[in-house]
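Structural characterization, general
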Amino acid sequence: MPPSPARIVVEDLRKSYRVATRPPVGPAGLAAWLPSRRPWRTIAALRGVTFTIEPGTITGLIGPNGAGKSTVIKILSGILRPESGRVTVGGLVPWAQRLRHVGRIGVVFGQRSQLWWDLPVDDGFALLRDIYRVPPTLYRARRARLVETLRLADFLDQPVRQLSLGQRMRAELAAALLHAPPLLILDEPTIGLDAPSKLAIRAFIRDLNRQDGTTILLTTHDMHDIEALAERVIVIGDGRVLADSPFETLRATTLSGRRLIASFDGPPPTLTLPEGVSRLPATGQTLALDFDPARIAAPDLIQLLTQAGGTAGTAPLADVTITRPSIEDVISRFYEHHASSP
Amino acid sequence: MIHAATPYLAAFRARWQTTMRYRAAALAGFVTQCWWGVINIMIYAAFYHGAHDAAGTAPLGLHQTVTYVWIMQGTLALMPWSCDPEIADAVRSGAVAHDLLRPIDLWWWWSCRATARILGRLVPRALLIVAFAGLVLPLAGLGAWALRPPASLPDAALFAVSILMGLALSASIVVLLNIVTVRTLSPAGGSAVITPLALILSGNLLPLALFPGAVQTLLILQPFAGLGDLPCRFWLGTLHGGRAVLALGQQAAWIAALTMIGRASLRRTLHRLEIQGG
Amino acid sequence: MNGFALWRRYARASLSGQTRYPGAFLMQMAGHLATTLMGFAAIWVLFHRFGTVRGWTVGQVALFYGLVNIEFALTETIGYGFERFGDDFLRTGAFDRLLLRPRWTVLQLLGHQFRLRPLARLAQGAAILALGLAMTPVRPLLFTLPMMLWAIAGGVAFFLGVLIGQAALSFRTIESLEIVNVLTYGGVEAGQYPFDLYARWFRQLMTYAIPLGAVSYEPMLAILGRSPHPMAATLAPAAGFAFLAIMLLYWQAAVRRHASTGN
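Residue positions within a chain follow its written sequence, with the count starting from 1. Key to labels: chains lettered from A, ligands numbered from 1, both in the order written. Local features in this predicted model are restricted to residues of pLDDT 70 or higher, and side-chain atom pairs are both shown and tallied only at a pLDDT of 80 or more, whereas totals for entire chains, interfaces and linings draw on every residue. Remark: hydrogens and water are excluded; side-chain values derive from all non-hydrogen atoms of the structure.

Looking at the side chain of C:Thr144
Residues and elements named next belong to chain C. By definition, any uninterrupted DSSP run of H or I lasting at least four residues is a helix, any uninterrupted run of E lasting at least two residues is a strand, and each is numbered from the N terminus. Inspection of the secondary structure puts Thr144 in helix α8 (residues 141-169). One polar contact links the side chain of Thr144 to the main-chain carbonyl oxygen of Arg139, over a distance of 2.6 Å. Contacts are residue-level and defined by heavy atoms, with any inter-residue pair within 4.5 Å sufficient. Not counting chain neighbours up to four residues away, the residues in contact with Thr144 comprise Val138, Arg139 and Ile223. Counting of polar contacts relies on pairs of N or O atoms within 3.5 Å, with two restrictions inside protein: one atom must be capable of donating a hydrogen and the other of accepting it, and residues adjacent in sequence are counted only when both atoms are side-chain atoms.

Encoded structure:
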């Protein structure tokens, strides 16, 4: 059976939670025993989210913690039912047709394992084969390919609890893909990994998308993940879609800026800033500047600082670091934009 | 002196507060214990009523056995069921070496935490059971099923002393369970061994006095008697004079012995951790 | 692969996980065997002191004791996923993982852990039951054996229903779940003795509202040939299956509700 194309349609999705608040119990702990009303608070997690994702694309879903990202992921995975709104994934309504739906998706949570802690990796795979009813010949081919591309051979016979985090994530990816799902949902897939592991995982995801045409939806806090993978970025904040644009647009606008931090051996020089450079409040012997590389190139800016340093009683330039905006910076810019526009 | 005790008092207070938070758990425990008490009392009553001649020769009368059952249900939280749950978590997550190598006397630290946790679980449940079995049942006309008051005021005082010693004893066993958990990397083994011992040897399953006469001395000398049976005997007023002194001395001796064993094996465990890093 | 075959695979996987720490495992088995043996030792001590109880002999009580322990032990080997559901699945978020798999949640939880530890209780229950059969005259084997198996099946269904109900309740509260012990461990405690030792209200509650008596006391009366209504006593274990069916409906409703509240 060929995998059905997983077109995702999300329309005006709304969801709120009720949370109980707890009064303090006091030094003797006795207040816990007095009758009290537990006040409930309602928190709106999603206030009308709409987007469509075409089969075969890679989409990044970004936003601060508590913005509603994981609520969207949970609803798309069929484990949470929204208050209102319409969702279909490949024609199925995830929560209403859960068993059929989850058989056609793969989900990886970066902070949660779906493999069995005490079982060797390969035994876990075999169990998943039976759970997902993967035909034996298909399973053998699929497993062989995943073992090769994710380089699992060395630790297939080790219990999951003995794996390093990087090894475990590779095994998790394979586990989510044994049944060849047309849609792969990744929730923070690179969290906590070292640089080589991150690179390997990104390369694998890209190849999976290109070769198998697997649709990929990922959430992340790492801007490099987005940069390396996403063709399109949806920014979620405060339960709403703040921005939904191709990655190139994001790169040209919000992601273009750079921050330069210059440290000096003594008090930094005062200098007149050229066009496209703004100064941030900084302390002691450092100087922090935000600049737009399209208007002034980084080497030129460094040269300027080198010349200014050491003159008129100020200290010479000692070191420079250039960073790109973090995901939090990008999002706070969207928030500002969102707040200033009606 | 006060200053030196500060961290341990803080540990006690924090643990007490967390434990007191679990109001629903305490209420559920109370209902469970009442249920248990009722089943047990019905069974004892059937045995006593069915055999009039044997009841006369039994070392405890039916109403004494009923009182014994209620005290046992009320003080169930005194039993050292398992190690400190946070130690079990730390062992599972592998962070245990961090926890152990703090600049404090770990035995006192653990012992204070254990005492606070046991007390926090014990006090609400015990008060509820006393209220139910001592007040509600007689008022409901079920006096035959009720908890009767201590035999005399001195007996009540001795009961209180004995329960406090039982608390210290239980805490010192919990510390031993903590050590076993750290050594075997699992909380399951230790409690699997302690649970049956505590259940039968404290008198919880059956009053120790009802066991055959031949094993009575052995039963009274073993440490778990101090967790339930000896306090019960004080309440019922069956321990007096020299035997009362002996019973309290027995409890004190076991507290001292288990403390020494605990401190020595904790020292060895920490020494090993310092070398191997967990 | 059908449900039962999948469950067997789960069980095998879980077994190989458990025997990975043989030291702790053996300690647990020994402890569990000791705990359960103590239970009957206490009964033995009581009979030693009092002789009989309301005309029942120790051999007859051994039959009740053995039957209910076998029923509960079998349930514990397969129902552990439900027993630990609140702590191991809900609080950790691991339940979401089950929902992400295209199989019935009940099947996945039954397979979660096939435990060997309760086999100690099973061995003990079987031994006491055998002891009781050796000491007590019962109806012919041709009736006793199928009746015993039928009673055990009903008992497993009943206790499994209790554990599933407990798991469904843990969607609402985890803290007060200790109360379900009244039916599990408390049920075993109560079922170890013939029900006519108990007060009338208790007997009726535990037979009609909660069909423990229907899977322990009534069928054993039939086996002993002492039932006033032999036909009803023979059919009684079916009540265990009815109870299980109701609890499964409750479970399905609780899972649906969970999906709309999220936590």
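Examining the nonpolar core
Each nonpolar core is a collection of buried residues, namely Ala, Val, Leu, Ile, Met, Phe, Trp, Tyr and Cys, held together in the definition by side-chain atoms within 4.5 Å. Partly exposed residues are those whose accessible area sits between 20% and 50% of the maximum for their type, while under 20% is buried and over 50% is exposed, using a 1.4 Å probe and protein chains only. Within the largest apolar cluster, 217 residues are counted, with the highest numbers of intra-cluster contacts made by A:Leu76, A:Phe125, C:Phe95 and C:Trp251. Looking at this core, the element that brings in the most residues is α8(C), giving 14 residues. Among the nonpolar cores identified, the runner-up in size contains 19 residues, and B:Tyr8, B:Val91, B:Val96 and B:Trp109 belong to it.

Some words on the environment of C:Ile152
Residues and elements named next belong to chain C. Here Ile152 shows up in helix α8. For Ile152, a relative accessible area of 14% puts it in the buried group. Sequence separation of Ile152 and Pro219 is 67 residues, and the distance between their C-alpha atoms is 9.6 Å.

Remarks on the packing of aromatic side chains
Each aromatic pair joins two rings of Phe, Tyr and Trp (for Trp, the six-membered one) with centres within 6.5 Å, and gets the label stacked for planes under 30 degrees apart, edge-to-face for over 60, and tilted for any other angle. In total, this model carries 30 aromatic pairs over all chains according to the counting rule given. Between B:Phe30 and B:Phe132, the aromatic rings sit 6.1 Å apart at their centres with planes inclined by 85°, giving edge-to-face as the arrangement. In this pair, B:Phe30 sits in helix α2 (residues 23-50) while B:Phe132 sits in helix α7 (residues 106-139), placing the two residues 102 residues apart along the sequence. Here the aromatic rings of C:Phe85 and C:Trp251 are separated by 5.2 Å at their centres, their planes lie at 75°, and the arrangement is edge-to-face. A residue pair is termed long-range when its members are at least 10 positions apart, and C:Phe85 in helix α4 (residues 85-90) and C:Trp251 in helix α14 (residues 238-261) qualify at 166 residues. For C:Phe85, a relative accessible area of 0% gives the class buried. Here the aromatic cluster, defined as three or more aromatic residues joined through ring pairs, consists of B:Trp35, C:Trp56, C:Phe64, C:Phe195, C:Tyr198, C:Trp201, C:Phe202 and C:Tyr217. In this scheme, Lys NZ or Arg CZ marks a charge over a ring once it lies within 6 Å of the ring centre and within 35 degrees of the ring normal. Over the ring of A:Phe109 we find A:Arg112, and its NZ or CZ is 5.5 Å from the ring centre. Looking at A:Arg129, its charged tip hangs above the ring of A:Tyr139, at a distance of 5.0 Å from the centre.

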